[in-house]
Amino acid sequence: MEKRLLILEDGTVFEGEAFGADIDVTGEIVFNTGMTGYQESLTDQSYNGQILTFTYPLIGNYGINRDDYESINPTCKGIVVYEWARRASNWRNQMTLDEFLKAKKIPGIAGIDTRALTKIIRQHGTMKATLANVGDQMVHLQDQLKATVLPTDNIKQVSTKTPYPAPGSGRNIVLVDFGLKHSILRELAARNCNVTVVPYDTSAADILHLHPDGVMLSNGPGNPDDVPQVLEMIRGIQGKIPLFGICMGHQLFSKANGAQTYKMKFGHRGFNHAVREIATGRIDFTSQNHGYAVSRENFPNELMVTHEEINDKSIEGVRHRFFPAFSVQFHPDAAPGPHDASYLFDEFMEMIDAFQLEKASK
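Because the structure is predicted, anything quoted here is derived from the model rather than measured. (Residues numbered from 1 in each chain as written. Predicted model: local features only at pLDDT ≥ 70, side-chain atom pairs only at ≥ 80, totals over all residues. Heavy atoms only, no water.)

Novice: An account of the UniProt feature "active site" (unreviewed entry) in the protein is needed here, citing residue identities and associated values.
Specialist: Within the UniProt annotation, "active site" (unreviewed entry) is assigned to Cys247, His331 and Asp333. Separation in sequence by 87 residues is not matched in space for these annotated residues, since their most distant C-alpha atoms are only 11.1 Å apart. Cross-referencing the annotated residues with the largest cavity identifies His331 as lining it. The contacts of Cys247, once residues within four sequence positions are left out, are Asn219, Asn289, His290, Val328, Gln329, Phe330 and His331. Mapped onto the fold, Asp333 is located in the loop between strand 19 (325-328) and helix 10 (343-361). Contacts of Asp333, omitting those with residues within four sequence positions, involve Lys181, Ser183, Ile184, Glu187, Ile246, His339 and Phe345. (UniProt positions renumbered as here; feature names shortened; annotations may be inferred. 1 Å grid on protein atoms, 1.4 Å probe; cavity = no way out; pocket = protein on both sides within 12 Å on 5 of 7 lines; lining within 4 Å. Contact = heavy atoms within 4.5 Å. Helix = DSSP H or I, 4+ residues; strand = E, 2+ residues; numbered from the N terminus.)

Novice: Provide a residue-level description of the side chain of Thr286, including the pertinent values.
Specialist: When you line up the elements, Thr286 lands in strand 16 (residues 283-294). A polar contact of 3.0 Å, which involves the side chain of Thr286, links it to the side chain of Gln288. The contacts of Thr286, once residues within four sequence positions are left out, are Gly270, Phe271, Asn272, His273, Val275, Phe330 and Pro338. (Polar contact = N/O pair within 3.5 Å; in protein donor to acceptor, adjacent residues only side chain to side chain.)

Novice: Tell me about the UniProt feature "binding site: L-glutamine" (unreviewed entry) in the protein, and name the residues and values.
Specialist: The positions that UniProt labels "binding site: L-glutamine" (unreviewed entry) are, in the present scheme, Ser46, Gly220, Gly222, Met248, Gln251, Asn289, Gly291 and Tyr292. Their sequence span is 247 residues, while the largest C-alpha to C-alpha distance among them is just 13.4 Å; these annotated residues converge on one region. Lining residues of the largest cavity, restricted to the annotated ones just named, are Asn289. Relative to the elements of secondary structure, Met248 occurs in helix 9 (residues 248-256). Once residues lying within four places of it in the same chain are set aside, the contact partners of Met248 are Ile155, Phe178, Ser218, Asn219, Gly220, Pro221, Gly222, Asn223 and Pro224. With respect to the element layout, Gly291 can be found in strand 16. Not counting residues within four places of it along the chain, the set of residues in contact with Gly291 comprises Tyr262, Lys263, Met264, Gly267 and Arg269.

Structure (structure tokens):
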């Protein structure tokens, strides 16, 4: 087997076995603690531009299937695993992980001590990294890595360029695409919603022109500070139409109402994050994938914190005090992960119905 190098920004070098596409890549290295769901993670556009480390030791054992895509064309830069399964065994399997990565031009490296790598990331924070072939000149690669400036247009890269429908006969929902997961569409389809997906830079006027019953702000990659134009759109909608934000949508909704965001040291990426609903004390185990969070510092009076992460007390949900609008940092659509929080989609439907009833009574 050919050898491949993983070079970190701090100078650490791991040597492992190459699989997947035969190309060199550079991106931000992060880790995911999920024990399953590698296909959903790989195809989650929130990993745009990142090299994804799986802490679970065996990846690829059930192959790749048609049902678990969160997008058709993944945009993560590469993957790091301890061991990849050369032979997949599952009745749904359509191709191996290696075949999938080759088809999507994503390189992988195996045989890495992912426990040691994760400890480095936890201690020093997320950093730039390069996956390269052993034959390449090491000094040149390290200098190139240090000089690399990572892109800041992640959302522009992954958002749809034109609106498209996901037809249904129920409530009319506009879903703003910052890098949406298909599982959000599945949850809305399960509730018979008529969905129109629009680009991230769609104006408030254009969204309102579609006469939605509700507006959803999707998940997505990168820094919420990189799309300031979205904040004006959110301010132009809230109060007029019920609003529900997820992950990036949560951060942008919070910023639009005066909150601040910050970059976390190594983020939350996995499917076992315990979140407390403050009003009831209810605990949900949640699926998460984010490197930024909403700050408690100078938190605006217009919003109230509804959920918090049990371990680090970071803000996991907010609700507007005066408008029918709320958001959560985690993924209630799961995929992969527990479905504890899927009830939030039902709460959004109930919010829409209550808003229409109130409007009709005036």
